[in-house]
Amino acid sequence: MSRGWRLGVFLAGAAGLVFLFVVVARPLPGPLELRNRYAEEINTRAFRERNVTDAVTAVNFDYRGFDTIGEEFILFVSVLGSMFLLRMTEERGDEILPDAAEDSRDVRSTDAMNLWILAMIAPKVVFGIYIVTHGQLTPGGGFQGGVILATAALMLYVGEGFAVFRRVVPHGAVEFAEAVGAGGFLLIGMLAWFWGKPFLTNIIPLGQSHQLTSGGTMPLISVSTGLEVTAGFVLLLYGFLQENLTPRGEK
Amino acid sequence: MSAQIVTYAGFIVAGWLFLTGLYGIITSRHLVHLCLSMTVVQASTYVLLAVIGYRPGLPAPIFVNMPAGSPAVDPVIQALMLTDIVVEATVIALLLAITVRIHRRTSTADPNEVDIMRG
């Protein structure tokens, strides 16, 4: 199909979509009239029933924890798929192209910049762990903290190059961490079975509110999600870096 | 009144982002550009959800400094969005990995020239 034709089809479809969108969106209630009973219930109950102060985390890791397992396994499977696709191109030994890694580093960065980047890693790790473990108290949790932790690994690569990155963050350990993170969520959910309760029931003592240990299983699930997200992103980093920095094999 | 404006502005921005992203996908000349256009389409759902979860003038559903059950914005929508934003990033990585594969296989990244059925 030529470009013009394609654009024509798009414009016709877009016009129809705009029309339908207006028809559908116009009668929708504005936020003033909109009341979501479910949201109000959770805002009330999260604190009373679960001793947590962050209702969002209560939804993610408790009230709708089952949905979050689904989300987490979308993440798991897309990381798996990416690694698989990137490895298919990879039949090529373990050596790294030293030039590609080193050259680009020399061109782009200076010692001062490297030092600054390295100095940022420790605060990033601390901040990431803080966000992961305080999800039940203040905004945060495994997903957000996991991404922050993964950027620390990215920083390591930017500052020191792939060789150091690979030494400090061994591939096998990351894969292991990802598996533990993904499996941990399921295992914590299954824990309830020992008490004859349904999957993902919050069976651990809920603790004192406003404390790090409040929320029963929530902090544990948060940590396991954080592990999974961190390791998943670092694995992706591995995949794409290896794809870029190792020699091309036959082609 | 201003709340109504926020709502409709939100709907308009969501629709606009959706169409812009779709236009990008359709007219794309590079697979990486196509993947990024898709993130624009996805951003439209975030805007839509943010508008639906919004309650005028109310704080975030964090009950540290306020009593439980005091009015706050919708926590369910926020939970949906925060997981989706993280998961979306890995899905985009998957698409980019497919892009890498296609480029290896066909030596082009232009979706118009990619003929994946070729042996």
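Residues numbered from 1 in each chain as written. Chains lettered and ligands numbered in written order. Predicted model: local features only at pLDDT ≥ 70, side-chain atom pairs only at ≥ 80, totals over all residues. Heavy atoms only, no water.

A. Spatial organisation of the overall build of chain A. Across its full length, chain A carries ten helices and zero strands. Reading the helices (α) and strands (β) of chain A from amino to carboxyl end gives α-α-α-α-α-α-α-α-α-α. Across chain A, every contact between residues at least 6 apart in sequence was considered, and the portion connecting residues at least 24 apart equals 72%. (Helix = DSSP H or I, 4+ residues; strand = E, 2+ residues; numbered from the N terminus. Contact = heavy atoms within 4.5 Å.)

B. Looking closely at the interface of chain B and chain A. Taken residue by residue, the interface counts 48 residues in chain B and 58 residues in chain A. In this assembly, chain B packs against chain A so that about 4,600 Å² is buried in total across both faces, 69% of it on carbon and sulfur atoms. Notably, a salt bridge pairs A:Glu243 with B:Arg104, separated by 2.7 Å at the nearest N-O pair. Our count for the chain B to chain A interface comes out at eleven residue pairs in polar contact (both at pLDDT 80 or more). For the side of chain B that touches chain A, the elements supplying multiple residues, two or more each, are α1 (2-27) and α3 (75-106) of chain B. (Buried area = accessible area lost by both parts, 1.4 Å probe. Salt bridge = Lys/Arg side-chain N within 4 Å of Asp/Glu carboxyl O. Polar contact = N/O pair within 3.5 Å; in protein donor to acceptor, adjacent residues only side chain to side chain.)

C. Geometry of the confidence of the model for chain A. Averaged over all residues, the pLDDT of chain A equals 86, while 87% of them reach at least 70. Looking over chain A, one finds the lowest element-wise mean pLDDT in helix α5 (residues 98-108) of chain A, namely 52, and the highest in helix α9 (residues 171-191) of chain A, namely 94. (pLDDT = per-residue confidence, 0-100.)

D. Region of interest: the pattern of salt bridges. Residue and element names in this part refer to chain A. Taken as a whole and judged by the stated rule, the model has eight salt bridges over all chains. The salt bridge involving glutamate 175 is made with arginine 87; its shortest N-O contact spans 3.3 Å. Note that glutamate 175 is positioned in helix α9 and arginine 87 in helix α4 (residues 65-88), a separation of 88 residues in sequence. A relative accessible area of 34% places glutamate 175 in the partly exposed class. With relative accessibility at 39%, the residue arginine 87 sits in the partly exposed group. (Buried < 20%, exposed > 50% of the residue type's maximum accessible area, 1.4 Å probe, protein only.)

E. Layout of unusual backbone geometry. All names here are of chain A. Unusually for a residue other than glycine, asparagine 51 sits at a positive phi of about 60°. Counting through the fold element by element, asparagine 51 comes out in the loop between α2 (37-50) and α3 (55-63). A positive phi angle, close to 70°, is found at leucine 200, a residue other than glycine. Assignment of secondary structure puts leucine 200 in the loop between α9 and α10 (217-245).

F. Layout of α2(A). The end-to-end C-alpha distance of α2(A), which contains 14 residues, comes to 19 Å, matching closely the 20 Å that a straight helix rising 1.5 Å per residue would cover. The sharpest bend along α2(A) comes to roughly 35°, located at A:Thr44. The inward-facing, buried residues of α2(A) abut α3 and α10 of chain A together with α3 of chain B. The distance from a side-chain oxygen at the start of α2(A) to the backbone nitrogen of A:Tyr38 is 3.1 Å, and the residue carrying that oxygen is A:Asn36. At the C-terminal side of α2(A), A:Asn51 shows a positive phi close to 60°. (Expected span 1.5 Å × (residues − 1). Bend = angle between axes of the 7 residues up to and from the residue.)

G. Here's a closer look at the side chain of A:Thr225. Tracing the chain through its elements places A:Thr225 in helix α10. On the accessibility criterion, A:Thr225 (0% relative accessible area) is buried.

H. Broad picture of the environment of A:Leu191. Residue and element names in this part refer to chain A. Examined against the element boundaries, leucine 191 turns out to sit in helix α9. Considering only alpha carbons, one finds leucine 191 and threonine 217, 26 residues apart in sequence, at a separation of 9.7 Å. With near-sequence residues (within four places) excluded, leucine 191 lies in contact with Ile203 and Ile204.

I. A look at helix α7 (residues 142-160) of chain A. All names here are of chain A. With 19 residues, α7 should cover 27 Å at 1.5 Å per step; its first-to-last C-alpha distance of 27 Å lies within 8% of that length. Within the span of α7, buried status applies to Gly142, Phe143, Gly145, Gly146, Ile148, Leu149, Ala150, Ala152, Ala153, Met155, Leu156 and Gly159. Downstream of α7 by a residue or two, glycine 161 has a phi angle that is positive, lying close to 90°.

J. Quick peek at the packing of aromatic side chains. Residues and elements named next belong to chain A. According to the stated counting rule, one finds ten aromatic pairs over all chains in the structure shown. The interplanar angle of 25° and the centroid separation of 6.3 Å between the aromatic rings of phenylalanine 127 and tyrosine 130 together place this pair among those described as stacked. Separated by three residues within a single helix, phenylalanine 127 and tyrosine 130 lie in helix α6 (residues 111-133), roughly one turn from each other. Accessibility expressed as a relative area gives 42% for phenylalanine 127, which makes it partly exposed. Taken together, the ring pairs in this structure connect Phe66, Trp193 and Phe199 into an aromatic cluster. (Phe/Tyr/Trp six-rings, centres within 6.5 Å; stacked < 30°, edge-to-face > 60°.)

K. Highlighting a nonpolar patch on the surface. Residues and elements named next belong to chain A. On the surface, Phe19, Leu20, Val23 and Val24 cluster together to form a nonpolar patch covering roughly 410 Å² of accessible area. Locating valine 23 in the fold gives a position in helix α1 (residues 3-25). Accessibility expressed as a relative area gives 45% for valine 23, which makes it partly exposed. (Patch = residues over 30% accessible without salt bridge, like charges linked within 9 Å, V, L, I, M, F, W, Y side chains within 5 Å. Areas by Shrake-Rupley, 256 points an atom, 1.4 Å probe, with all protein chains shown as cover.)

L. Expanded view of the packing of α6(A) against α7(A). All names here are of chain A. Where α6 contacts α7, the two axes come as close as 8 Å, and the packing angle between them is 165°. In terms of orientation, α6 lies roughly antiparallel with respect to α7. Seen along the crossing, α6 lies across α7 with a hand that is left-handed. Residue classes in the contact of α6 with α7 are distributed as 15 nonpolar, eight polar and two charged. (Axes fitted to C-alpha atoms, helices over the stretch in contact; angles between N-to-C directions. Parallel < 35°, antiparallel > 145°, perpendicular 65-115°, else oblique. Left-handed = near helix turned anticlockwise from the far one by under 90°. Nonpolar A, V, L, I, M, F, W, Y, C, P; charged D, E, K, R; others polar.)

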